[in-house]
Amino acid sequence: MRYVDHLERHWPDSAHEDIASARPRVAQLLPGFVVRRIAPAGPGRPWVYATVGAAATAAAGEDGAEYVLLAPAADPVLVEMLAALASVNADPATRLGVGSVITLGRPWTAGSPADQLLVLPPYVFGPGFERCELDDGRRIVVLWLVPITAAEARFVRQQGYKAFEELMERHAANLVDPARPSIV
């Protein structure tokens, strides 16, 4: 199986489009890297942005990681944001895993108070989504990027990501809403 087959299996009724980054550094570090933008299958559903090729820098015997982000609309800025994230992840010293918090330095989407991303297991996508076994024997771990506010990032750093997951569930937080207020 290829990773893109994995994505198509999880979103079979959606249009898939691969978008290359405009950043030359991304092409140098991750040849062939693209962001797959998956259109909503129906009204009120989010867009899905998935890295394709971020896992290529995994060391032998190490699972590579790809990242998925949900968004309320098609937004080309998200392609470049994910490309920058994949570039950071290409360096073994700055690999991103569950519980990592990434400070963006700007709102994740225009007008949002969330300017950071939290890396979580992709439980919202259903069972079996978090792992992909490739035809060549390599394994990919798929991780979910959740936009969070600075206050939420502090909470995660102090209390841990599991405590934040509990808060998200308790508050029934709409994590795709750019105007979502902080839950801490």
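Okay, so let's go over this structure. Just so it is clear, the structure is predicted and the values come from calculations on it, not from any experiment. (Residues numbered from 1 in each chain as written. Predicted model: local features only at pLDDT ≥ 70, side-chain atom pairs only at ≥ 80, totals over all residues. Heavy atoms only, no water.)

The next point concerns empty space enclosed by the protein. Tallied over the full model, the rule gives one cavity of 30 Å³ or more. Approximately 40 Å³ is the volume attributed to the largest cavity. Taken together, W108, S112, P113, A114, P147, L175, D177, P178 and R180 make up the lining of the largest cavity. Looking at the lining of the largest cavity, its residues break down into six nonpolar, one polar and two charged. (1 Å grid on protein atoms, 1.4 Å probe; cavity = no way out; pocket = protein on both sides within 12 Å on 5 of 7 lines; lining within 4 Å. Points joined across faces, edges and corners; volume = space filled by probe spheres on them. Nonpolar A, V, L, I, M, F, W, Y, C, P; charged D, E, K, R; others polar.)

In this section: the packing of aromatic side chains. Evaluated as defined, the whole model comprises six aromatic pairs. A ring pair is formed by W11 and F125, whose centres lie 5.6 Å apart and whose planes are at 75°; its orientation type is edge-to-face. In this pair, W11 sits in the loop between α1 (3–10) and β1 (16–19) while F125 sits in the loop between β6 (116–120) and β7 (131–133), placing the two residues 114 residues apart along the sequence. Note on W11: relative accessible area 15%, which makes it buried. Arranged with centres 6.4 Å apart and planes meeting at 55°, the rings of F155 and F164 form a pair that is tilted. Judged by its relative accessible area of 0%, F164 is buried. Each member of the aromatic cluster is reached from another via a ring pair, and the members are W11, Y123, F125, F129 and W144. (Phe/Tyr/Trp six-rings, centres within 6.5 Å; stacked < 30°, edge-to-face > 60°. Helix = DSSP H or I, 4+ residues; strand = E, 2+ residues; numbered from the N terminus. Buried < 20%, exposed > 50% of the residue type's maximum accessible area, 1.4 Å probe, protein only.)

Turning our attention to unusual backbone geometry. Of note in this structure, A172 is not a glycine but carries a positive phi near 50°. Summarising the element assignment, A172 is placed in the segment after α5 (161–171). Owing to a relative accessible area of 64%, A172 belongs among the exposed residues under this scheme.

The end-to-end C-alpha distance of helix α3 (residues 76–89), which contains 14 residues, comes to 20 Å, matching closely the 20 Å that a straight helix rising 1.5 Å per residue would cover. Taken together, the buried positions of α3 are occupied by L78, V79, M81, L82, A83, L85, A86, S87 and N89. (Expected span 1.5 Å × (residues − 1).)

Another point: the side chain of N89. When you line up the elements, N89 lands in helix α3. On the accessibility criterion, N89 (3% relative accessible area) is buried. For N89, the side chain forms a polar contact with the main-chain nitrogen of L96, separated by 2.8 Å. Once residues lying within four places of it in the same chain are set aside, the contact partners of N89 are A54, T57, A65, Y67, T94, R95 and L96. (Polar contact = N/O pair within 3.5 Å; in protein donor to acceptor, adjacent residues only side chain to side chain. Contact = heavy atoms within 4.5 Å.)

By themselves, these are just geometric observations and shouldn't be taken as functional.
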